[in-house]
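# Close look at the chain arrangement
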Amino acid sequence: MAIDPVRAEARRLLTLCNVCKYCNGYCELFRAAERRRDFADAELDYLAHLCHNCRNCWQACQYAPPHPFAVNLPRALAELRLRSQRDLAWPRPLPGLGLVVLAATLLPLLLTLALVPPELLFASHFGPGAFYRVIPWGVMSLAAALPLGWSLLALAQGVARLWRDGGVRLRDVPARVALAALADAVSLRNLSGGGAGCDEGDGTLSQRRRRLHHLLAGGMAACFAATVVATFYHHGLDWPAPYPWHSAPVLLGTLGGFGLMAGALGLLALRHGADPGPVAPAAAAADRLLLAQILAVAASGLALLLLRDGPAMGILLALHLGTVLGLFVALPHGKFAHAPYRAVALLRAALERSDHAS
Ligand code: SF4
Ligand code: SF4
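Please read all numbers here as calculations on a predicted model, not as lab measurements.

This part takes up the overall build of the chain. Of regular secondary structure, the chain possesses 15 helices and 2 strands. A globule of 358 residues ought to have a C-alpha radius of gyration of about 21 Å, and the chain, at 22 Å, matches this closely. For the chain, with 358 residues in total, the buried portion stands at 46%. A sequence separation of at least 24 residues applies to 75% of the contacts in the chain between residues at least 6 apart. Once the 32 positive and 23 negative side-chain charges of the chain are each reduced to a mean point, those two points are 2 Å apart.

It is worth spelling out the site of ligand 1 at this point. For ligand 1, the full set of nearby residues is Cys17, Cys20, Tyr22, Cys23, Phe30, Cys61, Gln62, Tyr63 and Val71. If you map ligand 1 onto the pockets, it falls in the largest cavity. The class makeup of the residues in the shell around ligand 1 is 8 nonpolar, 1 polar and no charged.

Glancing now at empty space enclosed by the protein. Empty space left among the atoms is revealed by rolling a probe the size of a water molecule over them. The tally for this structure, following the rule as stated, stands at 3 cavities of 30 Å³ or more. The volume enclosed by the largest cavity comes to roughly 140 Å³. Considering the residues around the largest cavity, the lining is formed by 16 residues, among which Cys17, Cys20, Cys23, Cys61 and Val71 are closest to the centre. Of all elements in the fold, only helix H1 (5-20), helix H4 (56-60) and helix H5 (73-88) reach the threshold of two or more residues within the lining of the largest cavity. Take the lining of the largest cavity: its biggest share by element is 3 residues, from H1.

Before going further, it helps to spend a moment on the pattern of salt bridges. Following the criterion strictly, the structure yields 24 salt bridges and no others. Of the charged contacts, one joins arginine 36 and glutamate 43 as a salt bridge, the two residues approaching to 2.5 Å between their closest N and O atoms. We note that arginine 36, like glutamate 43, is buried. What emerges from the salt-bridge pattern is a single network uniting Glu28, Arg31, Arg35, Arg36, Glu43, Asp184, Arg189, Arg348, Glu352 and Arg353.

A separate point is a nonpolar patch on the surface. Where nonpolar side chains cluster on the molecular surface, the patch consists of Leu99, Leu102, Leu106, Leu110, Leu113 and Phe122 and spans about 590 Å² of accessible area. As for its position among the elements, phenylalanine 122 is in the loop between helix H7 (118-121) and helix H8 (130-134). You can call phenylalanine 122 partly exposed: its relative accessible area is 44%.

Taken together, Tyr26, Cys27, Leu29, Phe30, Cys51, His52, Asn53, Cys54, Arg55, Cys57 and Pro74 are the residues near ligand 2. More than half of the atoms belonging to ligand 2 lie within 2 Å of the grid points that define the second largest cavity.

A separate point is the packing of H1 against H5. Where H1 meets H5, the axes come as close as 9 Å, and the angle between the chain directions of the two elements is 135 degrees. Between H1 and H5, the crossing angle belongs to the class labelled oblique. H5 is crossed by H1, and the crossing has left-handed handedness. Facing Val6, Arg7, Glu9, Ala10, Leu13, Leu14 and Cys17 of H1, the residues of H5 in contact are Leu73, Ala76, Leu77, Glu79, Leu80, Arg83, Ser84 and Asp87. For the contact of H1 with H5, the residue count by class is 9 nonpolar, 1 polar and 5 charged.

For the rest of this paragraph, the subject is the layout of surface pockets. Its boundaries defined by the atoms lining it, the largest pocket holds a volume of some 1700 Å³. Cys223, Ala226, Thr227, His320 and Val324 are the residues nearest the centre of the largest pocket, which is lined by 45 residues in total. Listing elements by their share of the lining of the largest pocket, those giving two or more residues are H8, helix H9 (137-165), helix H11 (208-236), helix H12 (248-271), helix H13 (281-307) and helix H14 (313-330). With 9 residues, H11 is the single largest residue contributor to the lining of the largest pocket. Its residues assigned to classes, the lining of the largest pocket comprises 34 nonpolar, 10 polar and 1 charged.

The end-to-end C-alpha distance of helix H6 (residues 97-115), which contains 19 residues, comes to 27 Å, matching closely the 27 Å that a straight helix rising 1.5 Å per residue would cover. At leucine 106, H6 is deflected by roughly 35 degrees, the largest bend along its length, and proline proline 108 occurs up to four residues later in sequence. Turning to H6, its buried residues number three or more, namely Val101, Ala104, Thr105, Pro108, Leu109 and Thr112. Lining the buried residues of H6 we find H7, H8, H13 and H14.

As a further point, take the domain arrangement of the chain. Partitioning the chain into domains gives domain 1 (5-88) and domain 2 (97-357). Taken together, the contacts link 32 residues of domain 1 with 43 residues of domain 2. In total, about 3200 Å² of surface goes out of reach between domain 1 and domain 2, with carbon and sulfur atoms giving 54% of it. There are 5 salt bridges connecting domain 1 and domain 2. A salt bridge links arginine 36 to glutamate 352, with the nearest nitrogen and oxygen atoms 2.5 Å apart.

Thresholds applied
- Residues numbered from 1 in each chain as written.
- Chains lettered and ligands numbered in written order.
- Predicted model: local features only at pLDDT ≥ 70, side-chain atom pairs only at ≥ 80, totals over all residues.
- Heavy atoms only, no water.
- Helix = DSSP H or I, 4+ residues; strand = E, 2+ residues; numbered from the N terminus.
- Rg over C-alpha atoms; globule rule 2.2 N^0.38 Å.
- Buried < 20%, exposed > 50% of the residue type's maximum accessible area, 1.4 Å probe, protein only.
- Contact = heavy atoms within 4.5 Å.
- Lys, Arg positive; Asp, Glu negative; His and termini not counted.
- Charge placed at Lys NZ, Arg CZ, Asp CG, Glu CD.
- Near = heavy atom within 4 Å.
- 1 Å grid on protein atoms, 1.4 Å probe; cavity = no way out; pocket = protein on both sides within 12 Å on 5 of 7 lines; lining within 4 Å.
- Sits in = over half its atoms within 2 Å of the grid points.
- Nonpolar A, V, L, I, M, F, W, Y, C, P; charged D, E, K, R; others polar.
- Points joined across faces, edges and corners; volume = space filled by probe spheres on them.
- Salt bridge = Lys/Arg side-chain N within 4 Å of Asp/Glu carboxyl O.
- Patch = residues over 30% accessible without salt bridge, like charges linked within 9 Å, V, L, I, M, F, W, Y side chains within 5 Å.
- Areas by Shrake-Rupley, 256 points an atom, 1.4 Å probe, with all protein chains shown as cover.
- Axes fitted to C-alpha atoms, helices over the stretch in contact; angles between N-to-C directions.
- Parallel < 35°, antiparallel > 145°, perpendicular 65-115°, else oblique.
- Left-handed = near helix turned anticlockwise from the far one by under 90°.
- Expected span 1.5 Å × (residues − 1).
- Bend = angle between axes of the 7 residues up to and from the residue.
- Domains from an automatic or database assignment.
- Buried area = accessible area lost by both parts, 1.4 Å probe.

Shown next as structure tokens:
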């Protein structure tokens, strides 16, 4: 069988780290690696998803290039995470994810321009159901539900496979262990570099990346809550969108939109001028794609909110729908997928900690 160079490099580095142990205080990965004598492929995938890419071990490593050992763990693990996501998820990604995302993003706009008569598309629409006079509710729901369902299926398959590789049944996980893993996932404890913070890209340690990730997560949660409340209004109260400025969906959506923009812009700013040494080019491209998509979703959503009573509403609605579809299409194979894979790895690590302590 051909040797996979990505996994071979991760195996080489983790074997060295297990001898060195200098970075054991930085994150869960080193402690999990220390509990192993060898690294089968499935174990390497699990360990790669434990890494939060804080880069502190890159800054600290006395064996980093130009040392002949050439240790660059953040880069090797970032490459392995992408490889692992590609191998574990099913259906497999189509070649050229960026182009697929672009096509999905532009499709609703092109179809709207082609199929909706201009006198309807560029008219001003008011009152309940105004959006659905341009794009019918059923079309909009189906256009979102199909790619989301497909992507969630692929993601769930991949995440389930990563968990199954650990050989533990979910029902055998004690509640206190699940809670400990949940606390690790929510707090992003492993992105704090053992407490002092993570590398900003120039050797400075701070909690900024962690806070910006929290801002993004909060923005997504608020947008999700806005969608849930709007769905209840539509189906439960027979009250279709758009909703007034002071309504819960609009307030939550606005809060979420600004949170997403602030988080994405902050993370992009941190990348500017950062040391490229520990960065895996493919992972950096996936990062940029996700941040650009988040910005596009938030900006188009806020613009739609601001201009919904004018003639630009139809175009902005199609554009916003497209940005959301693009996000859904990239879900199982892009950077976002790291979050559920990481949650599974953290659960397994919490279980190992608990077994080790008892
Ligand atoms: S990253 Fe470098 S310093 Fe840290 S444990 Fe590995 S070999 Fe040692
Ligand atoms: S980059 Fe950070 S999270 Fe990843 S292995 Fe190194 S210290 Fe741990």
